Amino acid sequence: MVPKNEAVTPAPAGPAGMRTLHCLQMTHVFHIPGETATARTAEGKPSPAYPHLVVATTILASSLAFVDGSVVNVGLPAIGRSFYANASGLQWVVNAYLLPLSALLLLGGAAGDRYGRRRLLIVGVLLFGIASLACAMAPSLILLLLARFVQGASAAMLMPNSLAILGQSFAGEAKGRAIGIWAATGAAAAAVGPVLGGWLIDAGSWRLAFLINVPLSIAAVALASRYVDTDVDDTAGSLDWLGGALITAALGFATWALTEGSGRAWSPSAFVVLGAGLIFSLLFPSAERRLGDMAMMPLSLFGSRSFIGLTLLTFLLYGALGGMFVLVPYVLIQANGYTATKAGAALLPLPLVIAVASPAAGALAAKVGPRWLLITGPVIVAAGLLLMLRIGSATSYWLGVFPAIVVVALGMACAVAPLTTAVLMSVDSSHTGAASGLNSAVARTGGLVAIALIGPVIASSGPTLLSAFGVAAAMGAVICSVAAASAFTLIAPAGKSNHR
C-alpha cells in the first residue's frame, strides 16, 4: 500500500493503451495491483543491465492476451462449424476465458507481490502457452473450453505482473518511456491481431491462430528467465484465496445461468444455478469485510460516491462494448459474407482512432476534470451503436460499418484516459492500486455478462440474424446512455467531495 502522504502519478501512456485494447475483448489493465508498490522500489535503483530486453519481455508476455481475444472473436464462426457448436457453445468459447480472468485478476496481482512478479509472469506465460497448444489440438468443444479456462487463469497471472515488472525495473523518466513503449506496442497488437488471426483462419484453420501463442510463450519465458530480476516482497500479506474462490463461483454460476437462459427457455435448473450464483455473490462481500484493506476488494473503496458511479459506468459501458464487438465480426462473416481476414480488418479503426485521440482527451481531462468527458463519451458510443443498425447484407463497409466503428472509437477515446484519472481521484492514495485493479476487473465482468446474454443473436441466421443484431445494437445504445446518466448523477464535479 502507498502511504497517504505519498503522491502517486501513474504514467498516462500505460492506462490509455490498455483501455484501448480491452475494447476488442482482449484485456485492459491499468495501474494494477503491484504497480504502485513497485514504483517505489525502483526509485534509487539502477536500471536493468538490458533494459530493452526487459521491455521486450513484458511486451511479448502481454501480447499473448492482447492477440488471443481478438483472434477468437474473428474465429467463432469457424470454431462453430468445426464442432457443430450451438449458440451457448460459442458464447462459452469467449466466456471460458473471460470468467477466470475477471475473477482472478486481482488475486494474480497480489500473488506477484507475495511470491515474486518474475515468477508469476513465467508461470503464467508457460501455462498460457501450454493451454494454447491444447486449444489448437482440442478434439472436442468441451476440451477446448477447458483449455480456454486455463488460458484465462494464466492471463490473470501474467497480465498484472507484466506491467508491474516495468514498475520495479525502471524509475523516473525511464519508467515513463518503458510504459509508453509497452502501451504503444500493445496498441499495435490490437490493430494487427484480428487481421493476422483472420488471415491464418482463412489460409489454414482456426487452430493455427492458437498456435501463434506457442513461440511467443517460449520467447517470453526465455527472456524473463534471463533478463528480468528476481523479486519477492517478504512484507506482503497473505492472499485472499477465499475471496477468489467465492467470486469465481459467483461469476461461474451466474454466467452459466445467463448463457443457458438467454440461448434457450429459462428452465428451473437455470434459475437454481442463478440463485446459487447470487448466494455466492452475497457471501463474497461478507468475506471481504473480515479482511479489511487486505481483501482483494476492499469495501472501504465504496465509501466514495464517485467510485460507485465509476464502477457502474465501467460495467455498463464495457459490457455494451464487449457484447457488440463479439457480434460485429460474427455478423460480418455470417450475414455479409466477409472472410475472417476482412472481418478482422473491419475493426482496425477502433484501436487506431482511440490510440490517436486518447492523449488529447487525457490532456483535456487534466484541464477541466474528467466528469463531462465521462458523460459525453458513452453518449457518443451510443450514437455509434445506433449507426450499426445500418449494417446489412447489402450495405458497403464504408457506408455501414466504417462510420459506426469510428464514432464508437471517438466515444471511447473520450472515456479511456479520463476514466483512469477519475478512478485515481475518487479514492485516497493508499487505495489507488486496489481501486484501479478492481475497475479493470469490473470492465471484464461487464463483457462477461454481456456475452452471456447474446445467445439469441448468435443462434439466429439469415435475415433474422441482422434483425437480432439490430435489437442488440439498440439495447447497447440504451445501456451506454444509462452509463452516461450514472456518470452525471454519481461522479462528483472537480473540487467537490467524493465521499458519501
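Residues numbered from 1 in each chain as written. Predicted model: local features only at pLDDT ≥ 70, side-chain atom pairs only at ≥ 80, totals over all residues. Heavy atoms only, no water.

Asker: Go over helix 4 (residues 87-115) with me, naming the residues and quoting the values.
Answerer: In an α-helix there are 3.6 residues to a turn, and that puts residues three or four apart on one side. For helix 4, built from 29 residues, the straight-helix expectation of 42 Å at 1.5 Å per residue is met to within 8% by its first-to-last C-alpha distance of 40 Å. Approximately 55 degrees is the largest bend angle found in helix 4, and it occurs at L104. Burial analysis of helix 4 places 25 of its 29 residues in the buried class, which makes it a mostly covered element. Remark: G116 follows helix 4 within two positions and exhibits a positive phi of approximately 115 degrees. (Helix = DSSP H or I, 4+ residues; strand = E, 2+ residues; numbered from the N terminus. Expected span 1.5 Å × (residues − 1). Bend = angle between axes of the 7 residues up to and from the residue. Buried < 20%, exposed > 50% of the residue type's maximum accessible area, 1.4 Å probe, protein only.)

Asker: So, helix 9 (residues 213-227): which residues are in play, and what are the values?
Answerer: The end-to-end C-alpha separation of helix 9 is 21 Å, in line with the 21 Å expected for 15 residues at 1.5 Å each. Taken together, the buried positions of helix 9 are occupied by N213, S217, A220, V221, L223 and A224. For helix 9, the secondary structure elements touched by its buried residues are helix 3 (51-83), helix 5 (117-137), helix 6 (141-169) and helix 8 (206-211). (Contact = heavy atoms within 4.5 Å.)

Asker: I'd like a rundown of the nonpolar core, residues and numbers included.
Answerer: Across soluble globular proteins, nonpolar side chains show a tendency to be buried alongside one another. Formed by 136 residues in total, the largest nonpolar core has its most connected members in L144, M324, F325, L374, M388, V408 and F469. With 17 residues, the top contributor of residues to this core is helix 12 (residues 305-334). In this structure L374 touches L310, L313, A415, P418, L419, A422, A487 and I491, once residues within four positions along its chain are discounted. Membership of the second largest hydrophobic core comes to 5 residues, among which are A111, L120, M157 and L239. (Core = buried A, V, L, I, M, F, W, Y, C linked by side-chain atoms within 4.5 Å.)

Asker: Provide a residue-level description of a nonpolar patch on the surface, including the pertinent values.
Answerer: The grouping of V123, L126, L127, I130 and V150 at the surface amounts to a nonpolar patch, some 390 Å² of accessible area in total. At 4 residues, helix 5 tops the list of elements feeding residues into the nonpolar patch. In this fold, V150 is placed in helix 6. Look at V150 and you get partly exposed, because its relative accessible area is 35%. (Patch = residues over 30% accessible without salt bridge, like charges linked within 9 Å, V, L, I, M, F, W, Y side chains within 5 Å. Areas by Shrake-Rupley, 256 points an atom, 1.4 Å probe, with all protein chains shown as cover. Salt bridge = Lys/Arg side-chain N within 4 Å of Asp/Glu carboxyl O.)

Asker: Give me the pattern of salt bridges: which residues, what numbers.
Answerer: Scanning all chains against the criterion turns up 2 salt bridges. Between R148 and D68 there is a salt bridge, and its shortest N-O distance comes to 2.5 Å. Residue R148 is located in helix 6, and its partner D68 is located in helix 3; the two are separated by 80 residues in the primary sequence. Both residues of the pair, R148 and D68, belong to the buried class. Its salt-bridge partner being R117, residue D113 comes within 3.0 Å of it at the nearest N-O pair. Taking relative accessible area as the criterion, D113 reaches 16% and is therefore assigned buried.

Asker: Tell me what's going on with the packing of helix 12 against helix 16 (residues 397-426), and back it up with residues and numbers.
Answerer: Interhelical geometry of helix 12 versus helix 16 gives an angle of 155 degrees and a closest axis separation of 11 Å. The angle between the axes of helix 12 and helix 16 places the two elements in the roughly antiparallel class. Crossing of helix 12 against helix 16: the hand is left-handed. Residue-level contacts link S306, F307, L310, L313, T314, L317, Y318, L321, F325 and L332 of helix 12 to V401, I405, V408, M412, A415, L419, A422, V423 and S426 of helix 16. Of the residues belonging to the contact of helix 12 with helix 16, the class tally is 16 nonpolar, 3 polar and no charged. (Axes fitted to C-alpha atoms, helices over the stretch in contact; angles between N-to-C directions. Parallel < 35°, antiparallel > 145°, perpendicular 65-115°, else oblique. Left-handed = near helix turned anticlockwise from the far one by under 90°. Nonpolar A, V, L, I, M, F, W, Y, C, P; charged D, E, K, R; others polar.)

Asker: Any chance you could break down the side chain of S169 for me, citing the residues and the numbers?
Answerer: Note on placement: S169 falls in helix 6. Residue S169 is classed as buried on the basis of its relative accessible area, which comes to 9%.

Asker: Help me get a handle on unusual backbone geometry, residues and values and all.
Answerer: Of note in the backbone geometry, Y84 takes a positive phi value of approximately 50 degrees without being a glycine. Along the chain, Y84 turns up in the loop between helix 3 and helix 4. Assessed through its relative accessible area of 77%, Y84 is described here as exposed.

Asker: Break down the packing of aromatic side chains for me, with residues and values.
Answerer: Within this structure, the stated rule accounts for 10 aromatic pairs. Between Y50 and Y227, the aromatic rings sit 5.0 Å apart at their centres with planes inclined by 70 degrees, giving edge-to-face as the arrangement. Taken together, the residues Y50 in the loop between helix 2 (35-42) and helix 3 and Y227 in helix 9 connect sequence positions 177 residues apart. Under the relative-accessibility criterion, Y50 is labelled partly exposed at 43%. Pairing F253 with F280 gives two aromatic rings, centres 5.7 Å apart and planes at 15 degrees, and the pair type is stacked. (Phe/Tyr/Trp six-rings, centres within 6.5 Å; stacked < 30°, edge-to-face > 60°.)

Asker: Would you mind going over the environment of A365 in detail, with residue names and values included?
Answerer: As for its position among the elements, A365 is in helix 14 (residues 349-368). Sequence separation between A365 and A417 is 52 residues; the distance between their C-alpha atoms is 7.9 Å. When neighbours within four sequence positions are excluded, A365 is seen to be in contact with P370, L373 and P418.

Asker: Just give me the short version of the confidence of the model for the chain, but keep the residues and values in it.
Answerer: Considering every residue of the chain, the mean pLDDT works out to 85; 87% of them sit at 70 or more. Below a pLDDT of 50 lies the segment residues 1-43, which in the model reaches 152 contacts outside its immediate sequence neighbourhood of four places, other chains included. (pLDDT = per-residue confidence, 0-100.)

Asker: Give a detailed account of the side chain of E288, specifying residues and quantitative values.
Answerer: Mapped onto the elements, E288 comes out in helix 11 (residues 268-291). Although E288 is buried, it makes no salt bridge; R290 carries the closest opposite charge, 8.4 Å away. (Lys, Arg positive; Asp, Glu negative; His and termini not counted.)

Asker: Mind laying out the environment of L310, listing which residues take part and the relevant values?
Answerer: By the element assignment, L310 lies in helix 12. Residue classification places L310 among the buried residues on the basis of a relative accessible area of 0%. For the pair L310 and V423, spaced 113 residues apart in sequence, the C-alpha to C-alpha distance is 6.9 Å. With near-sequence residues (within four places) excluded, L310 lies in contact with L374, L419, A422, V423, S426, N439 and I491.

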